[in-house]
Amino acid sequence: MARVKLEHVTKRYEDVTAVDDMNLDIRDGEFVCLVGPSGCGKSTTMETIAGLTLPTEGEVWIGDREVTRLPPKDRGVAMVFQNIALFPHMNVKDNISFGLRLRKYDSEEIDRRVERASDIVQLEGMLERMPDEMSGGQRQRVAIARAIVRNPDVFLMDEPLANLDAKLRVHMRTELQRLHKELETTIIYVTHDQAEAMTMSDRIAVIDSGELQQIDPPLVCYNEPANLFVAGFIGSPSMNFTTGDVTESGFTSDSFDIEFDPARMGVSPGDHVTLGVRPEDVYPVDQRESVGHPSMRIDARTDVTEPMGDEIFVYLVTQEDIEMDFEAAEAGQLLMSVSPDSDVDVDQDIQVVLDRAKIHLFDSETGDAIQHGLVNPTSRDSTTEEAEAGSDD
Amino acid sequence: MATESDSKTSDGPLNRWASRSIRNPERTYRAMFYVAAIFFIVTTMFPFYWLIVLALTPNNEILNGIGLVPEGFNVYAFVEVFQQVPFHFYMLNSFILATVTTVIVLFIASFAGYVFGRLEFPGRGVLMLLILAISYFPPAAFVVPLFDIFTGNSPIVVPFTEIALFTPPRLINTPAAMVLPFSALFLPLSIFVLTTFYGQIPDGLEDAARVEGTTRIGALFRVIIPLSAPGVATAGVLTFISVYNEYFFSQIMALGNDYTQWSPLVGGILSYQTQYTTSFNLFAAASIIGVLPVAILVIVAQERIVSGLTAGALKE
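Per an unreviewed UniProt entry, the recorded name for chain B is ABC transporter permease subunit, and the organism is Halomarina oriensis. As recorded by UniProt, the Subcellular location (unreviewed entry) comment attached to chain B reads in full: "Cell membrane". You can read under Sequence similarities (unreviewed entry) in the UniProt record for chain B the words "Belongs to the binding-protein-dependent transport system permease family."

You'll find chain A entered in an unreviewed UniProt entry as ABC-type D-xylose/L-arabinose transporter, with Halomarina oriensis given as the organism. UniProt, in the comment section headed Function (unreviewed entry), describes chain A in these words: "Part of the ABC transporter complex XacGHIJK involved in the uptake of xylose and arabinose. Responsible for energy coupling to the transport system." Per UniProt, chain A carries the Sequence similarities (unreviewed entry) text "Belongs to the ABC transporter superfamily. Carbohydrate uptake transporter-1 (CUT1) (TC 3.A.1.1) family."

## Side note on the packing of aromatic side chains
Under the counting rule described, the total for this entry stands at 24 aromatic pairs over all chains. Plain terms: the ring middles of B:Phe82 and B:Phe87 are 6.1 Å apart, the flat faces sit at 65 degrees to each other, and that makes the pair edge-to-face. Overall, B:Phe82 belongs to the partly exposed group, its relative accessible area being 33%. The exposure class of B:Phe87 is buried, given its relative accessible area of 0%. Seen from their ring centres, B:Phe111 and B:Phe221 are 5.8 Å apart, and the 70 degrees between their planes marks the pair as edge-to-face. With B:Phe111 in helix 6 (residues 87-118) and B:Phe221 in helix 11 (residues 216-227), this pair connects stretches of sequence that are 110 residues apart. Among the aromatic side chains, those forming a connected cluster through ring pairs are B:Phe182, B:Phe186, B:Phe248 and B:Phe249. The ring of A:Phe87 is capped by A:Arg146, whose NZ or CZ atom sits 4.8 Å from the centre of that ring. Residue placement shows A:Arg278 over the ring face of A:Tyr222; its charged tip is 3.9 Å from the ring centre.

## What to know about the packing of helix 8 (residues 140-151) of chain B against helix 9 (residues 175-199) of chain B
Each pair of packed helices can be described by the angle between their axes along with the distance between the axes. Residues and elements named next belong to chain B. As a packed pair, helix 8 and helix 9 sit with axes 11 Å apart at the nearest point and diverge in direction by 145 degrees. The two elements helix 8 and helix 9 meet at a crossing, and its hand is right-handed. The segment helix 8 lies against helix 9, with Phe 142, Leu 146 and Phe 150 engaging Ala 177, Leu 180, Pro 181 and Leu 185. Taken together, the residues of the contact of helix 8 with helix 9 sort by class into seven nonpolar, no polar and no charged.

## A word on unusual backbone geometry
All names here are of chain A. Pro 237 follows Ser 236 through a cis peptide bond whose omega is -5 degrees. Here Pro 237 is to be found in the loop between helix 8 (228-233) and strand 11 (240-247). For His 8, which is not glycine, the phi dihedral falls at a positive 50 degrees. As for its position among the elements, His 8 is in strand 1 (residues 4-12). If you check the backbone angles, Asp 21 has positive phi at about 50 degrees while not being a glycine. Tracing the backbone shows Asp 21 in strand 2 (residues 17-26). Asp 21 sits in the partly exposed class, given a relative accessible area of 39%.

## Things to note about the UniProt feature "transmembrane region" (unreviewed entry) in chain B
All names here are of chain B. Mapped onto this structure's residue numbering, the UniProt feature "transmembrane region" (unreviewed entry) falls at residues 31-52, 95-115, 127-147, 176-198, 219-244 and 280-301. For residues 95-115, the helix share is 100%, the strand share is 0%, and the end-to-end C-alpha distance is 30 Å. The straight-line gap between the two end C-alpha atoms of residues 219-244 is 32 Å; of that span, 96% is helix and 0% is strand.

Each value, and the rule that gives it
- Residues numbered from 1 in each chain as written.
- Chains lettered and ligands numbered in written order.
- Predicted model: local features only at pLDDT ≥ 70, side-chain atom pairs only at ≥ 80, totals over all residues.
- Heavy atoms only, no water.
- UniProt positions renumbered as here; feature names shortened; annotations may be inferred.
- Phe/Tyr/Trp six-rings, centres within 6.5 Å; stacked < 30°, edge-to-face > 60°.
- Buried < 20%, exposed > 50% of the residue type's maximum accessible area, 1.4 Å probe, protein only.
- Helix = DSSP H or I, 4+ residues; strand = E, 2+ residues; numbered from the N terminus.
- Lys NZ or Arg CZ within 6 Å of the ring centre and 35° of its normal.
- Axes fitted to C-alpha atoms, helices over the stretch in contact; angles between N-to-C directions.
- Left-handed = near helix turned anticlockwise from the far one by under 90°.
- Contact = heavy atoms within 4.5 Å.
- Nonpolar A, V, L, I, M, F, W, Y, C, P; charged D, E, K, R; others polar.

If you want it as C-alpha cells, here you go:
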C-alpha cells in the first residue's frame, strides 16, 4: 500500500508529446481511474508509473521513494494488461507464481500464496491448466491473481476488461470493486470507458492530449466538470452544448435564449460562451412543475426518438429551417431524456424547459467552466421567481 | 455418366483424360503431387543410395567400374573405417566444434535478435544490413588474414605503419581457430532468424515479465526465448549442420588431417586417401557414418519445430 505521486511528468517522443506536465497525487488505498479518449496519454502515464517507460522530465514517487529511474521490478507494483499477457508456455500456477519464484520464495510459501490468490479470484481446480485452455474471463482472473499474489504496493490496471464481452465486463467490474475493498491497495486503473470509471473509482482523472483535465470524485466530475472536454466526455449520452453570446439579460443563441443576470454568473455582456446541459436536465414543458428552477420555454420539434427501455432519448431540433447537413444539425440539436411512459412522437412540435440549476457555462475560447447552475448562489429562490416570471409571459 | 464417357471414346485417350481432369481436378492434382514427390525423393535420395553401393562394393571392384547394384556385399568396410583411422575421434571433433559454435552463435544472436527485433533505435536498418552483408562475403576472403593471425608468428601492426600492437596467441590446430571464424560467419543468418521470431512476441508479455520482477535480459531468457523455441531450434540446427559439415576453414586451420590437431569429419574422410591408395569404399562408408548423427538431429528437430509451430504458443 502506498501513495503514488507524479510531479511534472512529461513524456516526449520524437514528434509528439504523449504526456504533458502531469501532476497526480494518489492517496494510499485509493482507486483512481485514468480516463480519456484513445491516444490521450493515459496508458503512457501508467507506463511511467510502472517503469516500462521512462519520463523525459519529472519525477515519480511511490510511497516515500523516488522511483523515476528504477526498473519496474524494484517498484513494488503489479500490473494487469489489456491483452492479459499470460505467459503461454506456463500453466496457471506457474503464471501466478512467476514473480514469487523470481524472488526466491520457498515452495511452501509460494503454494500458500498461490492458493490464497486463486481463492480470491475463484480459480480453484484450474491451477494445472494452460492459458489457451481457458476462457477470456478465466484468463483475466489468472492475470489478476498473478498481480495480487505478490502483495504489491500499487496495482496498475491497463484496460483489463476491454477484451471481455459486455456481460463479463460488468461482472468483473464488481469483482474488482470487491477486490479493492478486500485488499485496500492503491489501484490505478486506465480505461477509455467513462462508465467503467464512474462506477468503480474513488476519483477520476480525466486526461486529454496528454494533459490532466480534472481529478475529482466521479460525481464532482459529472456535476461540476472543469471544462468543456470533461463535460462532454463524462456522462452518456454526452452533454448538449450550444454556443452563443452573453447579453444584458442572459444567454442568447440561434437555438434558444436563457435569462440570467450576467454579473452574478461571472460573465459580462459580449462574452462568447458555450452553454451545456445534460439530456436528463431537459424536460417537456408539462413536467415543469417538478423542476426546481425551470428556464424559459424553448420551442422545438422532435426529430428522432431512441427508446432505451428505462428512458427514451428524444432528439430535438431547436432551430427553425435548419439545413439538414450534419454540422448544422449538430448545432441546432438538443438531446432530451424522458421517462419511458412519456408520450413523445417524432415530428411533433414541443416545448421544453431546462433545469437552470443544472446548466453549465463554459468559456468558448478556453473551454474552462465559468459557472455550474444558473441560479443565484446567495439568494436562490428569489432570482428563480423573477426569471420565471419573466420567461413565462 | 458412363454412357457419356463411352460416347467420347472416339476422341482418343488424351482427350478422354483431359475431359476427366476437368470434371475432377483433384485427380490431376494428386497425380502431379506424386510425380513431383517421386522426383524430389529420387534426386535427393539417389546420392545416398550411390554411397551405399560404393561402400558395399570392394575397393578393387570399384576400380573396374560399378553399376546400379553393388558388386558384392562387403559390410566389413563399415568396420574397416574405424580400423584404418580413429574415425570416431574425427566425428567427436566435428561434434564438439559444431556444439560449441552453436552455443556461442545462439547466445550472441539472441541478444542481437532482441535488439534488432524489439528495440527501436536510429540506424537499426542500416546496422542489420551491414550484418547481413557479412554473410554475402565469400569465406575465402577471410582465410589469409585469419591464418596469419592464428599462426601467431608476427605481431599485429597498425595498418600502413610498422607500429606493433600485440602478438596474437597461436591458435592454429586448436578448436579456437575454427570456432571463432565459424561463429562469425554463421552469426548473421541466426541473427536474422531470431530477429524475426523475437520481434513477433507481443510487447505485453515482456512488459508483464519485467513488472513481475525480471530485468530485460531475464525477460529474454524466461519468456521470449522459450516462446521462440521453433526459431531457436531452426537457427541452432542450421548452424550445427553447417559447422558439422564444414570443410574449407577446418582443412586450413588444422594443419594436418590428424584428429589430434582438431581435424574434423571431412579431414577424417580424406585420410583414407594415402599417397599410393585411394579407398573409395571407405570414403563412402565413412560418409554414411558421418551423416547419421546429423540425419537423426534433423529428424528430431524437425518434429520439435513442427510441434512448436502448431501448438499456437503465441496465441493470445
